[in-house]
Amino acid sequence: MGKNKEYRKQLEGHRRALAEHLAKIAQEQEKPSASQDQGLISHWEKTVANCRQQIAKLERRLKL
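Residues numbered from 1 in each chain as written. Predicted model: local features only at pLDDT ≥ 70, side-chain atom pairs only at ≥ 80, totals over all residues. Heavy atoms only, no water.

This part covers the nonpolar core. Core analysis: the largest hydrophobic core is formed by 11 residues, namely Tyr7, Leu11, Leu18, Ile25, Ile41, Trp44, Val48, Cys51, Ile55, Leu58 and Leu62. If you list the elements that add at least two residues to this core, you get helix 1 (3-30) and helix 2 (38-62). In terms of residues, this core owes the most to one element, helix 2, which gives seven residues. Beyond its immediate chain neighbours, meaning those up to four positions away, Leu62 contacts Asn4, Tyr7, Arg8 and Leu11. (Core = buried A, V, L, I, M, F, W, Y, C linked by side-chain atoms within 4.5 Å. Buried < 20%, exposed > 50% of the residue type's maximum accessible area, 1.4 Å probe, protein only. Helix = DSSP H or I, 4+ residues; strand = E, 2+ residues; numbered from the N terminus. Contact = heavy atoms within 4.5 Å.)

Next up, the structure:
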């Protein structure tokens, strides 16, 4: 398998993970503020930032 094909597969996986984590954050933030788990939200925000960095890196490699 060529490098570009591998990069595209990784890129799709990171985009899927990004969408899932953004949905989790939105779902948690819809709860009343007393029952929100700020630790989880913080963790998912860090994961979202990491996904965005990886997506940018892969896009640079693919020259998108």
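Turning our eyes to something else, we now look at the environment of Ile41. Secondary-structure assignment places Ile41 in helix 2. Residue classification places Ile41 among the buried residues on the basis of a relative accessible area of 4%. Sequence spacing of Ile41 and Gln29 is 12 residues, and the spatial spacing of their C-alpha atoms is 8.1 Å.

This part is about the side chain of Gln36. The residue Gln36 is located in the loop between helix 1 and helix 2 in this model. A distance of 2.9 Å separates a polar atom in the side chain of Gln36 from a polar atom in the side chain of Gln38. Aside from chain neighbours lying at most four places away, what touches Gln36 is Glu28, Gln29, Lys31 and Ile41. (Polar contact = N/O pair within 3.5 Å; in protein donor to acceptor, adjacent residues only side chain to side chain.)

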